[in-house]
Amino acid sequence: MAGGRRPAGLALGWGCCLLLCCAAASKLEISMPAELEVEFGGTARIECNFHIPENASYSYIDWFYVDRGDKQVRLYHITASEVVEDSTDYKNRVSLGQDKALSISPVTVQDARTFVCQVAAGSYGVGESSTELRVYKVPQTPEIVPNSAGIPVSSAEISEIARCESKNGFPLPNITWHKNGEELHAEENQVQIQMTVTRESSGLYTVSSKLLAFVTREDRLSRYHCTVHYLVRGQSHTLKSKEVKVDIFYPVETLKLQVVPSSALVKEGDNVTLVCEADGNPQPIFSFFKKNLDEWQELTDSDGGILNLRDVNKSSSGRYMCQSLDLEADMSQKQDTVDLVVNYIEGVHVKMEPSSTVREGESVKLICGAQSPVDLQYQWRDEKGKEVGVGSQLTLRNLTFETSNTVSCKVMAPSVPGLEQSKKVSVAVEGKPRIVAISSPLYVRQDEIVNLTCKAIAFPRPNFQWSINGTTHEYTDKQHIASNLTVRVSHDLLQAGAMCRVSNSLGVSEKHIQLVDQKSTAESQGVIIVAIIVAILVVAVLGAVIYFLHKKGKIPCGRAGKQDITKPEARKDKIVVEVKSDKLSEEAGLLQGANGEKRAAADQSEKYIDLRN
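Residues numbered from 1 in each chain as written. Predicted model: local features only at pLDDT ≥ 70, side-chain atom pairs only at ≥ 80, totals over all residues. Heavy atoms only, no water.

1. A closer look at the overall build of the protein
Thought 1: The helix and strand inventory of the protein stands at four helices and 47 strands.
Thought 2: Out of the 613 residues belonging to the protein, those deemed buried represent 35%.
Thought 3: Within the protein, residue pairs in contact and separated by at least 24 positions form 60% of the contacts whose partners lie at least 6 positions apart.
Thought 4: Surface summary for the protein: the accessible area is close to 36,800 Å², and the carbon and sulfur share equals 50%. (Helix = DSSP H or I, 4+ residues; strand = E, 2+ residues; numbered from the N terminus. Buried < 20%, exposed > 50% of the residue type's maximum accessible area, 1.4 Å probe, protein only. Contact = heavy atoms within 4.5 Å. Areas by Shrake-Rupley, 256 points an atom, 1.4 Å probe, with all protein chains shown as cover.)

2. Quick word on the environment of Gly347
Thought 1: Here Gly347 shows up in strand S29 (residues 346-353).
Thought 2: Overall, the relative accessible area of 40% leaves Gly347 in the partly exposed class.
Thought 3: Spatially, the C-alpha atoms of Gly347 and Gln371 are 6.0 Å apart, while their sequence positions differ by 24 residues.
Thought 4: The residues contacting Gly347, other than those within four sequence positions of it, are Gly369, Ala370 and Gln371.

3. A look at the side chain of Ser408
Thought 1: Mapping Ser408 onto the fold places it in strand S35 (residues 406-412).
Thought 2: Judged by relative accessible area, which is 14%, Ser408 ranks as buried.
Thought 3: Excluding residues within four positions of it along the chain, Ser408 makes contact with Gln379, Trp380, Arg381, Ser422, Lys423 and Lys424.

4. Focus: the environment of Ile78
Thought 1: One can find Ile78 in strand S6 (residues 72-78).
Thought 2: Assessed through its relative accessible area of 0%, Ile78 is described here as buried.
Thought 3: Residues Ile78 and Val119 lie 41 residues apart in sequence; the distance between their C-alpha atoms is 9.4 Å.
Thought 4: Aside from chain neighbours lying at most four places away, what touches Ile78 is Tyr58, Ser59, Tyr60, Ile61, Asp62, Trp63, Val83, Leu96 and Lys100.

5. Here's the deal with the pairing of S35
Successive residues of a regular strand alternate their side chains across the two faces of the sheet.
Thought 1: Here S35 lies mainly inside the structure; six of its seven residues are buried.
Thought 2: Alignment of strand S32 (residues 377-381) against S35, held across five bridges, turns out to be antiparallel. The residue of S35 that forms the bridge with Arg381 is Ser408.
Thought 3: When S35 meets strand S36 (residues 420-426), the two strands line up antiparallel, connected through seven bridges. The residue bridging Ser408 from the neighbouring strand is Lys424, located in S36. (Pairing = 2+ DSSP bridges.)

6. Some remarks on the packing of aromatic side chains
Thought 1: In this structure the tally under the stated criterion is four aromatic pairs.
Thought 2: Aromatic ring contacts, followed pair by pair, group Tyr65, Tyr90 and Phe115 into a single cluster.
Thought 3: When the ring centre of Tyr250 is taken as origin, the NZ or CZ atom of Arg220, which lies over that ring, is 5.7 Å away. (Phe/Tyr/Trp six-rings, centres within 6.5 Å; stacked < 30°, edge-to-face > 60°. Lys NZ or Arg CZ within 6 Å of the ring centre and 35° of its normal.)

7. Overview of the side chain of Arg93
Thought 1: Tracing the chain through its elements places Arg93 in the loop between strand S7 (83-85) and strand S8 (94-96).
Thought 2: In this structure the side chain of Arg93 is engaged in a polar contact, spanning 2.7 Å, whose partner is the backbone oxygen of Pro106.
Thought 3: What Arg93 contacts, discounting residues up to four positions off in sequence, is Ser103, Ile104, Ser105, Pro106, Val107, Thr108 and Asp111. (Polar contact = N/O pair within 3.5 Å; in protein donor to acceptor, adjacent residues only side chain to side chain.)

8. Considerations on the sheet that holds strand S16 (residues 182-184)
Within a sheet, neighbouring strands are paired by backbone hydrogen bonds and run either parallel or antiparallel to one another.
Thought 1: Ordered by their spatial adjacency, four strands build an open sheet running S16-S15-S19-S20, and the pairing between neighbours is antiparallel. At either end of the open sheet lies a strand with only one pairing partner, and these are S16 and strand S20 (235-240). Shown here is a sheet whose adjacent strand axes are inclined to one another by a mean of 40 degrees, direction ignored.
Thought 2: The pairing of strand S15 (residues 174-179) with strand S19 (residues 224-232) spans six bridges and is classified as antiparallel. Note that in S19 the partner of His178 across the bridge is His225. (Axes fitted to C-alpha atoms, helices over the stretch in contact; angles between N-to-C directions.)

9. Notes on the pattern of salt bridges
Thought 1: What the rule picks out here adds up to 23 salt bridges.
Thought 2: The partner of Asp99 in a salt bridge is Arg45, and the shortest N-O contact between them spans 3.0 Å. Linking Asp99 in the loop between S8 and strand S9 (102-104) with Arg45 in strand S3 (residues 44-46), this pair joins segments that are 54 residues apart in sequence.
Thought 3: In this structure Arg45 comes out as partly exposed when scored by relative accessible area, which is 40%.
Thought 4: Of the charged contacts, one joins Glu420 and Lys410 as a salt bridge, the two residues approaching to 3.7 Å between their closest N and O atoms. (Salt bridge = Lys/Arg side-chain N within 4 Å of Asp/Glu carboxyl O.)

10. Observations regarding the environment of Arg461
Thought 1: Mapping Arg461 onto the fold places it in the loop between strand S39 (449-459) and strand S40 (463-466).
Thought 2: Assessed through its relative accessible area of 46%, Arg461 is described here as partly exposed.
Thought 3: Along the backbone, Arg461 and His480 are 19 residues apart, and their C-alpha atoms lie at a distance of 9.8 Å.
Thought 4: Discounting residues that sit within four places of it in the chain, Arg461 has contacts with Glu474, Thr476, Ile481 and Asn504.

11. Structural notes on the state of the cysteines
Thought 1: By the definition in use, this model includes five disulfides.
Thought 2: Between the sulfur atoms of Cys164 and its disulfide mate Cys226 the distance is 2.0 Å. Torsion about the S-S bond of the Cys164 and Cys226 cystine: about 70 degrees, corresponding to right-handed handedness. Taken together, the residues span a long stretch of sequence, with Cys164 in strand S14 (residues 159-169) and Cys226 in strand S19 at a distance of 62 residues.
Thought 3: Cys276 shares a disulfide with Cys322; S-S distance 1.9 Å. The chirality of the disulfide connecting Cys276 with Cys322 is left-handed, given an S-S dihedral of about -90 degrees. You can see Cys276 sitting in strand S23 (residues 272-278) and its partner Cys322 sitting in strand S27 (residues 318-325), a full 46 residues away along the chain.
Thought 4: The exposure class of Cys276 is buried, given its relative accessible area of 5%.
Thought 5: We classify Cys322 as buried; its relative accessible area is 0%.
Thought 6: Here the cysteine-cysteine linkages of the protein are recorded as 1-2, 3-4, 5-6, 7-8, 9-10, numbering only bonded cysteines and doing so in sequence order. (Disulfide = S-S within 2.5 Å.)

12. Focus on unusual backbone geometry
Thought 1: Following Ser440, the chain continues to Pro441 via a peptide bond in cis, the omega torsion being -5 degrees.
Thought 2: In this structure, the amide linkage connecting Phe459 to the following residue, Pro460, adopts the cis form with an omega of 5 degrees.
Thought 3: If you trace the backbone, Pro460 turns up in the loop between S39 and S40.
Thought 4: Phi at Asn55 is positive, roughly 55 degrees, even though this residue is not glycine.
Thought 5: Secondary-structure assignment places Asn55 in the loop between strand S4 (49-51) and strand S5 (60-66).
Thought 6: Using a relative accessible area of 72% as the deciding quantity, one classes Asn55 as exposed.

Below, the structure written as structure tokens:
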């Protein structure tokens with residue numbers, strides 16, 4: 001390549017290339033998408049892109065669709081001056097864009113065809129291209145309907161399991177069946193799948209499918225569903241139905257009878273339920289029996305497989321049987337038994353040693369007993385519910401009338417919660433009467449009507465006697481017995497008082513009630529009041545005298561602020577008067593020394609005067 005000359009072969013290649021490029025540049029070119037997929041009811045926009053050499057203008061543009069006979073039917077004729085729409089089935093559903101693109105709305109399944117764009121460009125000739133329009137519609141979620149009548153496992157013919165339907169799909173969808181998540185396929189003499197296709201007026205497809213199969217006892221737990229398969233833009237998609245179960249009929253294989261609650265915990269007074277359960281479907285007819293000696297007695301108050309026993313007692317214990325009769329199968333019978341044990345406590349009693357009557361101050365032993373098929377525990381409580389002992393024996397010591405002599409023996413079965421009984425016992429304590437309260441001294445007035453009260457405790461019940469006559473009334477106050485005597489106060493009664501006498505077979509007690517005349521008492525109180533008033537006046541006078549002497553300077557005071565004006569030490573039986581002042585400033589002005597010096601107010605806060613005869 002010296003001198004810049006190209007080889008002859010290379011020059012030939014470049015020439016050919018330039019020739020081809022010029023040919024291509026001088027040709028009318030039209031480009032359209034080969035396929036366009038649009039959803040049913042949407043809008044399809046088909047573009048027609050073309051290139052004319054030297055930017056020349058087109059003469060016309062025509063849009064066509066290809067009918068089922070492969071014949072082109074014109075939709076539009078477009079020139080530079082006008083647009084002519086032909087009368088076709090697409091009238092009012094097609095339109096042109098600024099770029100001469102063809103739009104179809106709404107799209108139907110009949111639009112799934114080929115559309116052609118033809119362009120004429122004068123000397124450059126006429127060219128055309130096409131687009132195949134595809135339409136799709138996602139079908140509705142499939143609906144599954146199981147066999148509502150039920151299927152017996154003993155059926156000799158293949159049975160319908162369920163039906164499935166999916167509506168309004170395009171193109172034609174497909175349905176598959178699944179059992180417990182695994183797809184089912186048609187199998188001779190075992191599984192059949194029957195498909196039905198319906199073309200709707202809209203052109204959409206509705207597909208239905210029926211599943212038939214033989215069933216076994218295990219299919220009572222099986223779950224079925226169907227799936228619809230459809231295509232969108234070349235991709236496969238699915239919609240799944242809900243899962244359903246089919247009612248399968250099968251005979252009873254096992255029968256079980258049980259007690260609710262557990263028979264080991266049943267006690268007297270409980271409500272017990274006997275539950276009979278069978279594994280057949282439908283449930284068989286149940287009958288209940290109770291064994292009495294060597295015979296079975298039928299119980300007629302059962303409800304299906306349930307027998308309710310209310311407020312059970314000792315006699316409810318025994319063996320019970322449940323029997324089933326299977327009407328759906330071969331009239332076979334099954335049966336099961338259970339033993340019911342009703343725990344109880346009976347014969348609760350308390351024995352007292354000694355068994356004779358107890359005197360005050362003595363002791364007694366209480367022994368509690370009962371019968372039960374389980375181990376028992378004993379607890380003792382007093383009248384207030386306070387625990388006073390455990391075990392079957394309790395000793396009460398030093399008994400009195402006042403102490404609580406009523407106790408309760410509580411019998412419990414620890415192995416059976418809630419099983420318990422109680423027995424109360426009262427220990428009668430005997431003794432002679434003891435007077436615990438009287439209305440003495442009693443302040444009265446002569447000729448006044450008063451109530452005299454005498455309260456005692458005793459067993460056996462005592463009798464009351466009064467030393468004077470009057471109206472008596474007896475009543476009980478808790479453990480005490482009281483007697484009220486209503487009487488008019490006389491001079492003799494004031495002088496002698498009254499005597500209350502209480503007696504029973506074991507002894508006698510008596511007490512005296514003193515009556516005090518309120519008049520004498522009032523006179524004495526008047527004398528005392530007068531004496532107090534006189535004493536207060538004397539003190540006031542003495543205070544005034546002392547103050548006067550102090551003002552005259554007759555009574556000098558020391559710095560200690562206290563002046564004793566008596567000679568010997570005061571006796572304890574004499575009166576000492578204390579005079580205090582709240583006004584310290586006034587004291588400071590009154591208390592002056594001989595030389596006129598003022599005393600401190602704090603030193604004058606108290607003055608004591610010893611008064612002697």
